[in-house]
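Remarks on the overall topology
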Amino acid sequence: MSKRSKVVVIGNGIAGAAFVDELLTEGPEGASITLYGDEKVGTYDRVRLSEYMAGTVGLEELGLRPKEWYEERGIDLRLGVKVIGVDTRSREVMGSDGDWVAYDRLIFATGSQSFVPPIPGHDKEGVFVFRTVEDVEQILEAAPKKAVVIGGGLLGLEAAWGLVARGAEVTVVDRAGHLMNQQLDKAAGVMLRKKIAELGVGIRLEALTEEISGNGKVEDVRLQDGEKLPADMVVICAGIRSNAKLAHECGIETNHGIIVDDYLRTSAPEVYAVGECAEHNGVVYGLVAPALEQVRVAAECILGREPAPYHGSMTSATLKVMGVDVTSAGDVYGSKEGSEAIVSSNPLKGTYKKVVVRDGRLVGAILLGDKTGAPHLLAAVRREAPADEVVELVLGSNGEVKALQLPNEAQVCDCNGVSKGQILVAITKKGATSVAEVGTATRAGAGCGGCKPVIKDVLEEATGGAVEEKSYLCPCMKLTTEDVRGIVKERGIRSVNSLGEACGAGKACSDCKVGLTYVVSEVNANRHEEERHARHINDRVHGNIQNDGTFSIVPRTRGGVTTAHELRRIADVAEKYDARMIKITGSQRLDILGVKKEDLPNAWEDLGMPSGFAYGKAFRQVKTCVGTDFCRFGVGDSTTLGIEMEKSFENLYTPAKVKMAASGCPRNCAEATVKDVGVVAIEGGRWQVWIGGAAGMDVRKGDLLATVDSQEEAIKVTQAFFQYYRENGRWKERTYDFVPRVGLEEIRKHVLDEESGEPERLRERLRAAKEASFDPWQERVKNKTKNQFAGVINDT
Amino acid sequence: MTRKNGPGHWVRVCRDADVPFLEGRRVEVGGFYVGVFNTEEGFFAAYDVCPHRGGPLSDGDLAGTIVACPLHGRKIELKTGKVLNDNLSCTFTFPVRVEDGSVFVDAEALTALKAPAREAGSAA
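Analysis parameters
- Residues numbered from 1 in each chain as written.
- Chains lettered and ligands numbered in written order.
- Predicted model: local features only at pLDDT ≥ 70, side-chain atom pairs only at ≥ 80, totals over all residues.
- Helix = DSSP H or I, 4+ residues; strand = E, 2+ residues; numbered from the N terminus.
- Buried ≥ 20, exposed ≤ 12 C-beta atoms within 10 Å, placed from the backbone.
- Contact = placed C-beta atoms within 7 Å.
- Arc of directions from axis to C-beta.
- Core = buried A, V, L, I, M, F, W, Y, C linked by C-beta atoms within 7 Å.
- Pairing = 2+ DSSP bridges.
- Axes fitted to C-alpha atoms, helices over the stretch in contact; angles between N-to-C directions.
- pLDDT = per-residue confidence, 0-100.
- Parallel < 35°, antiparallel > 145°, perpendicular 65-115°, else oblique.

1. Brief notes about the overall build of chain A
What chain A contains, in helices and strands, is 25 helices and 40 strands. Looking at chain A residue by residue over its 796 residues, the buried ones come to 45%. For chain A, long-range pairs separated by at least 24 residues make up 59% of all intrachain contacts whose partners lie at least 6 apart in sequence.

In structure tokens, the structure reads:
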């Protein structure tokens, strides 16, 4: 590129900003850049792109670059200025500020907007348009009873499911012959339709919407065949429309978008287009990753390098609707000449697998109803793997997935752009031995986490064997919970500080300090030296820190039972301290959310209730049903038992949080079989004790530990198990991992065999720990540390 | 606030005993939140808004001279302001000195900050 070539970029969204960044890799002296920015979308902070792609932050949350950033780099930033004309012959653009700016190279990065089909009535109240998943929330807030979703693509189906989940009656209308026609072939679309219909969603295909009618507000949607769908909301998910108008008006060739060649060049000399405004080979990409690929190619051209031509982007999609697993990648139709498809379909089980092969290489894939091997298949499509490697994925009957031989340059983590080669460096050079350590070294797997199975395969391939995921309590010193327990016991250690001096843990990195505190406190039956710096903020101020730095308050309401008095006080506290929300939690408790740290002591005082420990790795609560007290089906007094259990476990810390439940009959309304500890009353006054259940991130039905004859016995068994877990669980290991790891038989040996005396010894140690425990909200009277609850501590 | 003589713009913020050993506390300097940390290597100060999602670093977990944000565990080296486990821009750090039990922060670096802390998404 010649010295100080003049580059003008129209559009300051993701593509535009990324483009400027690419140019700057040559240094600011390479080009003089003029950047026109739409006022709505500020300049994008590229550092957080991966998070945006992973969906953990929205565009709105992305940081803005200060004007100085541009000044320092000599960029002429024209924010809020619209380009209203381009003279492609004299090579000048005119902005709404009246300036003409000359260019050597011009880049359109004007993006796109939601496409609203010209349906009569689309401007009525109750008609929503959306593109991003964030927008769904706004729609859900309107809480429609009957909704029509126009568009049966990925977002349309997700919107429909969101509305159904909130109790709305939903019909999806699409003009195509099958659902998700961008990502699925007809056969998969038909099978998907069945699954979506089973969720209670109405579907009208090959259906054109003729009119949205109603008196000011939406009342119904009329289809071309005359059918009328009553609706109080219409959601339009009809895709995007490129912002190609300006280019078109300037005589540049456009179709759906600005037409570009394999080097992102438009029909006008030295004019390029990238991102959602560009149409390449008939395709407009509405995703971040393809935009960035385009940006790289175009920037290389302008910098005078010779990039490999852009041949389009591999796109992949995953439908996130409960119970329906759909993964699609690449060319699923196999429309190009020479394409062949390998299909395996089982309509009875509702599974459909297809790979499209061209010239012996994998170019597209669909997985429906079975996501086994999905990450591998996506990776294989991305690198166009040889077909014989993946045939087994489709035809393999046992569902087992063999690790695929990835080349080093293959990208494994899409969210953070980490290749297999980078992962291998982390393993061989930096000594990473687990998926977690690879993540620390490379950030692979830190986005959506979908690539973790592939990372594990790479690890196994590199280390030549199965990887045992050793869960270190202190990764720096490579110490497991068992190691630390041993050190604490052997040397009679009573503080995290002296533990650190003994073995180095917790000195240079804070990751393990909270875990060390747990081990030190548990081994010493809570007669340890309490060091608040070795607790998380939640356990320093006894509330759960929220995303804005405020805290939540969950008072203890044993067994989920409260009183009118308590409810009044909770309401008063919420008002007095400007709580952002009062919420009934999933475990029958009331959560006062958004209280400032400095208000916590007074709020607790006003409440006059003990801490519910809803913030720590600790015993939480016992969820109960009303049992024999009220229920006509109850066979056991689950409420009383639940309250007794709660009294015997409250204020105690555990390796990971512990949730319990007590149900008064096998109908199990308290869901006791999916809790860490659950008791269920059965006929004859007997009780089942379940352990190791979960219904959170993991779902696991608990194991039946024992069936006992009375409430007293039920409590005794749960106490023995609770203490056994406290003493043997690994830090952060939930019971649903602990129970299968140790084994039910081994656990029974320790907690049921009363003749051995061990269960009683466990209970004795539990009582000892309990005696030295306390309600931490009492620290409102006598603070544990200086300025414990202070907001700002300046003195004058 | 008291002016302290010498180069820079030294502002007295608190007493050293106000910040427990191996913990942080928040102070306000010229309308900005600043976290003051009492580490094994002495006192440090940093802009109290995590460069990741705005979490209060003063409520973080401290070891050595590294504080981990309480919201999402981004680790910040207090000597340099560098984020150790993410690709984020540095956070601002301020020179600190302790004299006669008083902690002083050099507020000169504050001129580099544009938006007051109160508007930066972090509640008190």
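2. Here we look at the overall build of chain B
The helix and strand inventory of chain B stands at zero helices and eleven strands. Ordered by position from N to C terminus, the α and β elements of chain B give β-β-β-β-β-β-β-β-β-β-β. Within chain B, the proportion of its 124 residues that are buried is 48%. A fraction of 45% describes how many contacts in chain B between residues 6 or more apart in sequence connect residues 24 or more apart.

3. Some points on helix α19 (residues 600-607) of chain A
Residue and element names in this part refer to chain A. Looking at α19, one finds that the buried residues are Leu600, Ala603 and Trp604. Looking down the long axis of α19, one finds its buried residues gathered within 100° of arc, a one-sided arrangement. If you follow the buried residues of α19, they end up packed against α17 (537-541), β31 (551-553), α18 (564-576) and β33 (590-595). Gly608 sits one or two residues past α19 and shows a positive phi near 65°.

4. Remarks on the environment of Asp104 of chain A
All names here are of chain A. With respect to the helices and strands, Asp104 occurs in the loop between β6 (100-102) and β7 (105-108). With 16 C-beta atoms counted inside 10 Å, the residue Asp104 sits in the partly exposed group. The sequence separation of Asp104 and Ala31 amounts to 73 residues, and the corresponding C-alpha distance is 9.9 Å. Apart from the residues lying within four places of it in its own chain, the contact partners of Asp104 are Ser5, Lys6, Val7 and Glu270.

5. Notes on the nonpolar core
Core analysis: the largest hydrophobic core is formed by 118 residues, its most contacted members being Leu516 and Phe721 of chain A together with Val34, Val36 and Val105 of chain B. By residue number, the principal contributor to this core is helix α22 (residues 711-728) of chain A, which donates eight residues. Once residues lying within four places of it in the same chain are set aside, the contact partners of Phe721 of chain A are Val677, Ile691, Leu705, Ile747 and Val751 of chain A.

6. A short note on the environment of Arg494 of chain A
Residue and element names in this part refer to chain A. Mapped onto the elements of the fold, Arg494 is located in the loop between α14 (481-491) and α15 (496-503). Taking the number of C-beta atoms within 10 Å as the measure of exposure, Arg494 has 16 and is therefore partly exposed. Along the sequence, Arg494 and Thr517 sit 23 residues apart, while their C-alpha atoms lie 9.5 Å from each other. In contact with Arg494, other than residues within four places in its own chain, are Val520, Asn524, His528 and Glu529.

7. Regarding unusual backbone geometry
Here Gln588 of chain A, not a glycine, exhibits a phi torsion of approximately 60°, which is positive. Here Gln588 of chain A lies in the loop between β32 (581-584) and β33.

8. Observations regarding the sheet that holds strand β11 (residues 169-173) of chain A
All names here are of chain A. Taking strand neighbours across the sheet as the criterion, the five strands line up as β9-β16-β10-β11-β12 in an open arrangement whose pairing is parallel. The sheet terminates laterally at β9 (127-129) and β12 (202-204), the two strands that pair on one side only. Sheet twist, expressed as the average angle between the axes of neighbouring strands with direction ignored, equals 20°.

9. As for the sheet that holds strand β15 (residues 228-230) of chain A
Residues and elements named next belong to chain A. In spatial order, the strands read β13-β14-β15; together these three strands make up an open sheet with antiparallel pairing. Of all strands in the sheet, those with a lone pairing partner are β13 (209-213) and β15, marking the two edges. On average, each strand axis in the sheet is inclined to that of its neighbour by 20°, with strand direction left out of account. Two elements, β13 and strand β14 (residues 220-223), share four bridges in a ladder whose sense is antiparallel. Each bridged residue has a counterpart across the sheet, and for Ile212 the counterpart in β14 is Val221.

10. Observations concerning the confidence of the model for chain B
All names here are of chain B. Averaged over every residue, the pLDDT of chain B is 84; the share at 70 or more is 82%. Segment residues 1-5: pLDDT under 50, and seven contacts once partners within four positions in sequence are set aside and those in other chains are kept. Taken as a whole, residues 114-124 scores under 50 in pLDDT and shows 28 contacts with residues more than four places along the chain or in a different chain. Across the interface, the model reports ipTM at 0.87; the global pTM reads 0.56.

11. Regarding the pairing of strand β25 (residues 361-368) of chain A
Residues and elements named next belong to chain A. When you tally the buried positions in β25, you get seven out of eight residues, the bulk of the element. Note that strand β24 (residues 351-358) and β25 share seven bridges and pair antiparallel. In the sheet register, Arg358 faces β25, and the bridge partner there is Arg361. Connecting the antiparallel pair β24 and β25 is a turn made up of two residues, with Asp359 showing a positive phi of about 50°.

12. Here's the deal with the confidence of the model for chain A
Put simply, chain A has an average pLDDT of 87, and 90% of its residues get 70 or more. Counted against residues more than four places away or in other chains, residues 397-403 of chain A, with its pLDDT under 50, gives nine contacts.

13. Focus on α15 of chain A
All names here are of chain A. Taken together, the buried positions of α15 are Val496, Leu499 and Gly500. One face of α15 carries all of its buried residues, which in axial projection span an arc of 100°. Downstream of α15 by one or two residues, Gly504 has phi in the positive range, about 90°.

14. Comments concerning the packing of helix α11 (residues 420-428) of chain A against helix α12 (residues 435-442) of chain A
All names here are of chain A. In the contact formed by α11 and α12, the axes pass within 9 Å of each other and the chain directions differ by 110°. As the angle between them shows, α11 and α12 are arranged roughly perpendicular. Between α11, through Gln422, Ile423, Ala426 and Ile427, and α12, the contact on the second element is made entirely by Val438, Ala441 and Thr442.

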